[in-house]
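# Structural characterization, general
Residue-level listing of the chains:
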Amino acid sequence: MEAVVVGVAIVRDFRLFVARRSQPGSVAGYWELPGAEVAPGEDESSALQRRFTTEFSISLRCVDRILSDRALTAWPTEDLDYDAALLRVWRCQLPSESTLDLDLGDPRPNFSVYDETRWVPIDDLDAVGPWREADRICAGEIADHYNADDLWQRAD
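My aim in this report is to walk through the structure given alongside it, one point at a time. (Residues numbered from 1 in each chain as written. Predicted model: local features only at pLDDT ≥ 70, side-chain atom pairs only at ≥ 80, totals over all residues. Heavy atoms only, no water.)

### Thoughts on the environment of Arg20
The test is simple: The helix and strand labels rest on DSSP assignments: H or I over at least four residues marks a helix, E over at least two residues marks a strand, and numbering proceeds from the N terminus. The rule is simple: take the accessible area with a 1.4 Å probe, protein chains only, and divide by the maximum for that residue type; under 20% is buried, over 50% is exposed, in between is partly exposed. Contact between two residues is taken to exist if any of their heavy atoms lie within 4.5 Å; hydrogens are not considered. Two N or O atoms count as a polar contact when they lie within 3.5 Å, although within protein this holds only if one can serve as hydrogen donor and the other as acceptor, and sequence-adjacent residues are included solely when both atoms are side-chain atoms.
As for its position among the elements, Arg20 is in strand 3 (residues 15–21). The partly exposed category is assigned to Arg20, whose relative accessible area is 24%. For the pair formed by Arg20 and Tyr114, sequence separation is 94 residues and the distance between their alpha carbons is 5.4 Å. Here Arg20 is in contact with Gly29, Tyr30, Trp31, Val113, Tyr114, Asp115 and Glu116, once residues within four sequence places are set aside. One polar contact links Arg20 to Asp115, side chain to side chain, over a distance of 2.9 Å.

### Points about the pattern of salt bridges
Put simply, the rule is: Here, a salt bridge means any side-chain nitrogen of Lys or Arg that lies within 4 Å of a carboxyl oxygen of Asp or Glu.
Tallying each qualifying case throughout the model produces 15 salt bridges. The partner of Glu42 in a salt bridge is Arg50, with the nearest N and O atoms 2.9 Å apart. Under the relative-accessibility criterion, Arg50 is labelled partly exposed at 35%. Among the salt bridges present, the one from Arg136 reaches Asp126, with a minimum N-O distance of 3.0 Å. With Arg136 in helix 2 (residues 133–147) and Asp126 in the loop between strand 8 (114–121) and helix 2, the pair connects residues that are 10 residues apart, well separated along the chain. Owing to a relative accessible area of 56%, Asp126 belongs among the exposed residues under this scheme.

### Here we look at helix 1 (residues 44–56)
Formally: How far a helix is expected to stretch is found by multiplying one less than its residue total by 1.5 Å. This arc describes the spread of directions from the helix axis toward the C-beta atoms.
Taking 1.5 Å as the rise per residue, helix 1 with 13 residues should run 18 Å; its terminal C-alpha atoms sit 18 Å apart, in good agreement. When helix 1 is considered as a whole, its buried residues turn out to be Glu44, Ser45, Ala47, Leu48, Arg51, Phe52, Glu55 and Phe56. Angular distribution of buried residues about the axis of helix 1 spans 160°; they occupy a single face of the element. Phi turns positive one or two residues past the end of helix 1, at Ser57, with a value near 55°.

### A look at the state of the cysteines
Stated precisely, the cut-off is as follows: Cysteine sulfur atoms are paired as a disulfide whenever they fall within 2.5 Å.
Scanning the model with the defined rule gives zero disulfides in all. The thiol sulfur of Cys62 is not disulfide-bonded, and the nearest other cysteine sulfur, from Cys92, lies at 3.8 Å. Given the relative accessible area of 15%, Cys62 is considered buried. We note that Cys138 lacks a disulfide partner, and the nearest cysteine sulfur, in Cys92, lies 13 Å from it.

Everything listed is a geometric property; what it means functionally is a separate question.
Shown next, in the form of structure tokens:
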């Protein structure tokens, strides 16, 4: 059975929240949509909420799943082997009452999986790099979706 990996699409002020991996070594240094592998018996939104509580010390509200599934051909497993996986992207929101300094990359990581975060302008996604390939493709599609969705723009 393929692993399911969920990533977030959080946009504020026309900027997408992204994170740089610190582990495992094969993907360290690559930018991606932050997220988590879904554990057996866990639902996708719970996996994302778990990751954000653990890694960023902030709650997360999952709104809905967007984009179609993406195939990840080399997802690192616990035993440092690689399996195929599916990437699913969720539109999410951080608490509206949270005070975040977007220019500093808030919320900051706790360094268990990520070592850097940024809010990248959706019209300049290449302001960070290198990207994990599937995440870069999804980020471009998220930007297109966000730019075409007035309701999403007003919600964030």
